[in-house]
Amino acid sequence: FADGPSRVLHRAPGLADTEIEHAANAAKARAAALGGQAERALRMARVLAAGGFPEEALPLLAKAIGHGGAAKLAALGELPADVTMATPAQIRDLVDCKALPLEAMATLDAVSAAAGTPIRAEVERMLEATAEALAACIEGADAMQPKFGE
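To start, this report covers the structure provided alongside it. Because the structure is a prediction, the values reported are computed rather than measured.

1. Some thoughts on unusual backbone geometry
Move 1: A positive phi angle, near 65 degrees, is found at K98, a position not held by glycine.
Move 2: As for its placement among the helices and strands, K98 is situated in the loop between α3 (88–96) and α4 (102–113).

2. Quick word on the side chain of H67
Move 1: With respect to the secondary-structure elements, H67 resides in helix α2 (residues 54–76).
Move 2: We classify H67 as buried; its relative accessible area is 6%.
Move 3: Those residues in contact with H67 that sit more than four places away from it in its chain are L34, Q37, A38, T84 and M85.

3. Describing helix α5 (residues 120–139)
Move 1: Here α5 is 20 residues long and its end C-alpha atoms lie 28 Å apart, about the 28 Å a rise of 1.5 Å per residue gives.
Move 2: For α5, the set of buried residues is V123, M126, L127, A129, T130, A131, A133, L134, A136 and C137.
Move 3: The inward-facing, buried residues of α5 contact α1 (19–50), α2 and α4.

4. A short note on α4
Move 1: Taking 1.5 Å per residue as the helical rise, α4 with its 12 residues ought to reach 16 Å, and the 17 Å between its terminal C-alpha atoms agrees with that figure.
Move 2: All of the buried residues in α4 are A104, M105, T107, L108, A110 and V111.
Move 3: On its buried face, α4 is in contact with α2, α3 and α5.

5. With respect to the pattern of salt bridges
Move 1: In total, this model carries one salt bridge according to the counting rule given.
Move 2: Between E128 and R46 there is a salt bridge, with its nearest N and O atoms 3.3 Å apart. Taken as a pair, E128 in helix α5 and R46 in helix α1 lie far apart in primary sequence, 82 residues in all.
Move 3: Classification of E128 by relative accessible area gives partly exposed; the value is 39%.

6. Topic: the packing of α1 against α5
The description of two packed helices rests on the angle between their axes and on the distance between the axes.
Move 1: Interaxial distance between α1 and α5 falls to 11 Å at its minimum, and their mutual angle equals 165 degrees. One way to sum up the angle between α1 and α5 is to call them roughly antiparallel. In this structure, α1 meets α5 at a crossing whose hand is left-handed. On α5, the residues touching G35, A38, E39, L42, A45, R46, A49 and A50 of α1 are R120, V123, L127, E128, T130, A131, L134 and I138.
Move 2: When its residues are assigned to classes, the contact of α1 with α5 shows 10 nonpolar, two polar and four charged.

Analysis parameters
- Residues numbered from 1 in each chain as written.
- Predicted model: local features only at pLDDT ≥ 70, side-chain atom pairs only at ≥ 80, totals over all residues.
- Heavy atoms only, no water.
- Helix = DSSP H or I, 4+ residues; strand = E, 2+ residues; numbered from the N terminus.
- Buried < 20%, exposed > 50% of the residue type's maximum accessible area, 1.4 Å probe, protein only.
- Contact = heavy atoms within 4.5 Å.
- Expected span 1.5 Å × (residues − 1).
- Salt bridge = Lys/Arg side-chain N within 4 Å of Asp/Glu carboxyl O.
- Axes fitted to C-alpha atoms, helices over the stretch in contact; angles between N-to-C directions.
- Parallel < 35°, antiparallel > 145°, perpendicular 65-115°, else oblique.
- Left-handed = near helix turned anticlockwise from the far one by under 90°.
- Nonpolar A, V, L, I, M, F, W, Y, C, P; charged D, E, K, R; others polar.

What follows is the structure, given as structure tokens:
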């Protein structure tokens, strides 16, 4: 019931959001939506890997990390309005400034380099590393300050 986004039914005129509050609320909502997309891609990857299709899970892991990085960038106020996926360079920057764990970049590199059918244990490791990276993307979004690269 309370998992969905909230909305204001009525607000007294004296309590109207300032422009800054409105922008912050919009950034939080966008980060939450991108985080949801990242979690969905990770869930799909888990299902495919468990169902015997680990090679089909790998592109979804890259997608999950890209959406997760975009969620973190949106929370920081660093994601352009028309972008929904962080690039590998942006993810590397987030890892370098410790906004994401090192495993995020390592998993993205491993997914990109994977050829053929991956070993089940390797896929499980990548699934767990992606889950940890997404947790880092999503859990601290409310506490983050805009403009991380300054």
